[in-house]
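Spelled out, the chains give:
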Amino acid sequence: MNGVSAKMGSFFSGPRTGLLVVLCLLLLLFIFGVAVSDRFATTRNILNVYEQSTGLALVSLGQTLTVLTGGIDLSVGSVISVTAMMVSGLINGDPSMVTPVIAGALVLGLLIGAANGGIVILTGVHPLIVTLGTGAVIQGAALLYSLGPIGKVPKGFDYFAYGRLPGGLSIGATFTVILFLLAAFLLGRTRMGRYIYAVGDDPHAATLMGLPKTRVILLVYTLSGMFAALTGIYLVSRFGVGQPYTGANYTLSSITPVVVGGTMLAGGRGGVMGTLLGVYLVSLLNNLLNFLDVSTHIQLVAQGLVIIAAVSVYVEKRRIA
Amino acid sequence: MAIAKANEIANASAGGAAAGMRLSDIGRKYGIFLFLIVAILTATIAAPAFLSPANISNMLMQLAPLAIVVIGQTFVILVRGLDLSVASVMATAAVIATSFHGQDSDAPAILATCIVMGGATGLANGILVTKRNVSPFLATLATMIVLQGLRFAATQGAPSGNVPPLYRLLGSSTVFGVPYNLLVMAVLAIVFGILLHRAAFGRRVYITGGNPVTARLVGMSADRIIVACYVICGVLAASAGLILSGFVGVVDNFVGRGFELDSIVAAVMGGVALSGGRGTIPGALAGATILVVLSNAVVMVGMPVQLQIIVKGIVIIVAASLYVRTAR
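None of the values given here were measured: they were computed from a predicted structure.

**Here we look at the overall build of chain A**
Looking only at helices and strands, chain A has 16 helices and 0 strands in total. For a compact globule of 321 residues, the expected C-alpha radius of gyration is about 20 Å, and chain A comes in at 19 Å, within 12% of that figure. Reported as C-alpha extents along the three principal axes, the dimensions of chain A are approximately 55 × 50 × 35 Å. Of all 321 residues assigned to chain A, the portion counted as buried reaches 54%. Contacts spanning at least 24 positions in sequence make up 79% of the contacts within chain A whose residues lie at least 6 apart.

Here it is as structure tokens:
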């Protein structure tokens, strides 16, 4: 660790090694895919994988920011579920409600995120426990709202998930890539970005240096909450309805791309572009396994092994001495 | 009854370290038991049926599997780890329990297979954490997913078969109103309580978790202690899975779902610090009891079931923040 400045060298703000590792893995996977299936490397298929990666990419973006500060956000799954239910439940087929409800859902995500950050700062409890607790509260609230799928959305609401730009690029996925570039700019080119790395690298030193730790923590959890809300909106756009458990699986799966992309759970190292490649790696892997007619059960095993392989390549910052 | 036993062990271990104990230490050590008593009293006042023998027996039967997992989780958290794979291990043990012929003659073979499976998972976790320096969260997340996939592949998503009558008896019957599974839990709690609070191994666990550098300086192999803790946790989770399969009777792929987070929450509420080196088994068991009492009380008082998880979430944060305060 050569300090903060070394990490700022690249626009993509991650250590280049992390990006290289995940790029190589992606390339290997692609070559393997081309070798075993002639339908895999078609433009159509690749564009589909790009489109389907949107949800995971959105939630992992926020997760990356919390992990960079040495924290974690285990409430994202519940936030996704509750915003998805709110969006389809309140819009309930009325086109005039779309804009205010979407704005409301984003604000809700922001507020929940700010509450997470605030509780972490005020109590000093580990974010893992805090977000586990708030996640439970939000999930309970979602279930109080409705025990099953609720509401519907007007025609055209699926534009975010299924709309295509000229050339066939998915609108949602491209919007997500732009968000990643903005986050990379925040991390690599702004003072706040440097603070995020500094707090994650050594919170004690960050405090001694007088860095605005409170603002950093509040910012990353607020953003994480907002991206989770955006994921909820995306899922309604994709499936047409919000359900109380629609986001449940995203809590833990949002962590896989983060660590596969080279961001250390201990904090202070990594970056969002690695996460984006990690998302593509996971999506491409699942897509390829589908082509190979591998059962979804074995897909799970493969995903677990990818995590083990990836984290064994990166050496985590020593937790012990 | 379990609580009385837990208190006994707590008193015994407190007696050993009583010299020069400060008020805040006492608060941290016994606050959880006070909280438990208050929770039970409140629930009783709000719903008198809460303390009926049938309900108590019911709660104790729910407590046993969770408590067994919490004991293992405590060992792992004490050495600065955490184990997300316990629920997956439990479900795998339950699937193993139904994979034989469903007769009592299979019971020893099932037990042996489960212990090997749980121990091997713990070993994999421990090696990833110590030798590859993977964070415990990720290492155990990965083994959790792999185990889940293997289980699904083996059962084709739909496990079938019967749990041997012996496990049914252990998991769901009572003797003089005391659930058998609680007796199993009590035996395990005493054995592992002695191992942690009275044996040399336990002192090594606390030294390793409290300060790994010291552990290395005094010539201990911190890595070996850490691996041992993950193995203990895996084996206990497998045992809990067997007990739970006997309680449920029919097995699906998700027996034990939620136990990974509940067990961590129970341990943390019971004063086991995620930063390692602090906490006791009696405390963790009290934490598990509080979780069961709260979930039960919400229903007994007549509140909507959804409030269970809301209450749980709030209590997690409040309890954890109290420990941070006393630790300062």
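**With respect to the overall build of chain B**
The number of helices and strands found in chain B is 14 helices and 2 strands. Within chain B, the proportion of its 328 residues that are buried is 53%. Long-range pairs, those at least 24 residues apart, make up 79% of the contacts in chain B between residues at least 6 apart in sequence.

**Focus on the packing of helix α15 (residues 272–291) of chain A against helix α16 (residues 296–313) of chain A**
Packed helix pairs are specified by the crossing angle of their axes together with the interaxial distance, meaning the distance between the axes. All names here are of chain A. Two elements in contact, α15 and α16, have axes whose closest approach is 10 Å; the angle formed by their N-to-C orientations is 145°. Judged by the twist between their axes, the crossing of α15 over α16 is right-handed. For the pair α15 and α16, the contacting residues are Val-282, Leu-285, Asn-286 and Leu-289 in the first and Gln-299, Ala-302, Gln-303 and Val-306 in the second. The class makeup of the residues in the contact of α15 with α16 is 5 nonpolar, 3 polar and no charged.

**Points about the interface of chain A and chain B**
Taken together, the contacts link 39 residues of chain A with 38 residues of chain B. Secondary-structure elements contributing two or more residues to the side of chain A that touches chain B are α6 (98–123), α7 (127–145) and α16 of chain A. In terms of residue count, the dominant contributor to the side of chain A that touches chain B is α7(A) (12 residues). When grouped by side-chain class, the residues that make up the side of chain A that touches chain B number 24 nonpolar, 12 polar and 3 charged.

**Things to note about the nonpolar core**
Residues and elements named next belong to chain B. In terms of nonpolar packing, the biggest core is built from 204 residues, with Ala-67, Met-90 and Cys-229 touching the most fellow members. Broken down by element, the residue count for this core peaks at 19 residues, all from helix α11 (residues 222–248). Each residue touching Cys-229, except ones within four places of it in the same chain, is listed here: Phe-75, Val-76, Leu-78, Val-79, Gly-81 and Val-205.

**Remarks on helix α5 (residues 107–130) of chain B**
For α5(B), built from 24 residues, the straight-helix expectation of 34 Å at 1.5 Å per residue is met to within 8% by its first-to-last C-alpha distance of 34 Å. Of all the positions in α5(B), only B:Ile110, B:Cys114, B:Met117, B:Gly118, B:Thr121, B:Gly122, B:Ala124, B:Asn125, B:Gly126, B:Leu128, B:Val129 and B:Thr130 are classed as buried. Contacts made by the buried residues of α5(B) are with α16 of chain A together with α4 (86–98), α6 (136–155) and α11 of chain B.

**Thoughts on unusual backbone geometry**
Only a minority of non-glycine residues have a phi that is not negative, and only a minority of peptide bonds are not trans. If you check the backbone angles, A:Asn92 has positive phi at about 45° while not being a glycine. For A:Asn92, the location among the structural elements is in the loop between α5 (76–91) and α6.

**A short note on the confidence of the model for chain B**
All names here are of chain B. Confidence in the prediction of chain B, expressed as mean pLDDT, is 84, and 90% of residues score 70 or more. Looking across chain B, the model is least confident in helix α1 (residues 2–16), with a mean pLDDT of 45, and most confident in α5, with 94. Note on residues 1–20: pLDDT under 50 across the span, and 21 contacts to partners over four residues away in sequence or across chains.

**A look at α4(B)**
Its 13 residues place the ends of α4(B) 19 Å apart at the C-alpha level, agreeing with the 18 Å of an ideal helix rising 1.5 Å per residue. With 13 of 13 residues buried, α4(B) is to be regarded as a mostly interior element.

**A closer look at the environment of B:Arg257**
Residues and elements named next belong to chain B. Position of Arg-257 among the secondary structure elements: in the loop between α11 and α12 (259–269). Exposure remark for Arg-257: the 14 C-beta atoms within 10 Å place this residue in the partly exposed category. Separated by 166 residues in sequence, Arg-257 and Ala-91 place their C-alpha atoms 7.8 Å apart.

**Some thoughts on the environment of B:Gln156**
Looking at the element boundaries, B:Gln156 is found in the loop between α6 and α7 (165–172). The sequence separation of B:Gln156 and B:Asn253 amounts to 97 residues, and the corresponding C-alpha distance is 10.0 Å.

Criteria and thresholds
- Residues numbered from 1 in each chain as written.
- Chains lettered and ligands numbered in written order.
- Predicted model: local features only at pLDDT ≥ 70, side-chain atom pairs only at ≥ 80, totals over all residues.
- Helix = DSSP H or I, 4+ residues; strand = E, 2+ residues; numbered from the N terminus.
- Rg over C-alpha atoms; globule rule 2.2 N^0.38 Å.
- Buried ≥ 20, exposed ≤ 12 C-beta atoms within 10 Å, placed from the backbone.
- Contact = placed C-beta atoms within 7 Å.
- Axes fitted to C-alpha atoms, helices over the stretch in contact; angles between N-to-C directions.
- Left-handed = near helix turned anticlockwise from the far one by under 90°.
- Nonpolar A, V, L, I, M, F, W, Y, C, P; charged D, E, K, R; others polar.
- Core = buried A, V, L, I, M, F, W, Y, C linked by C-beta atoms within 7 Å.
- Expected span 1.5 Å × (residues − 1).
- pLDDT = per-residue confidence, 0-100.

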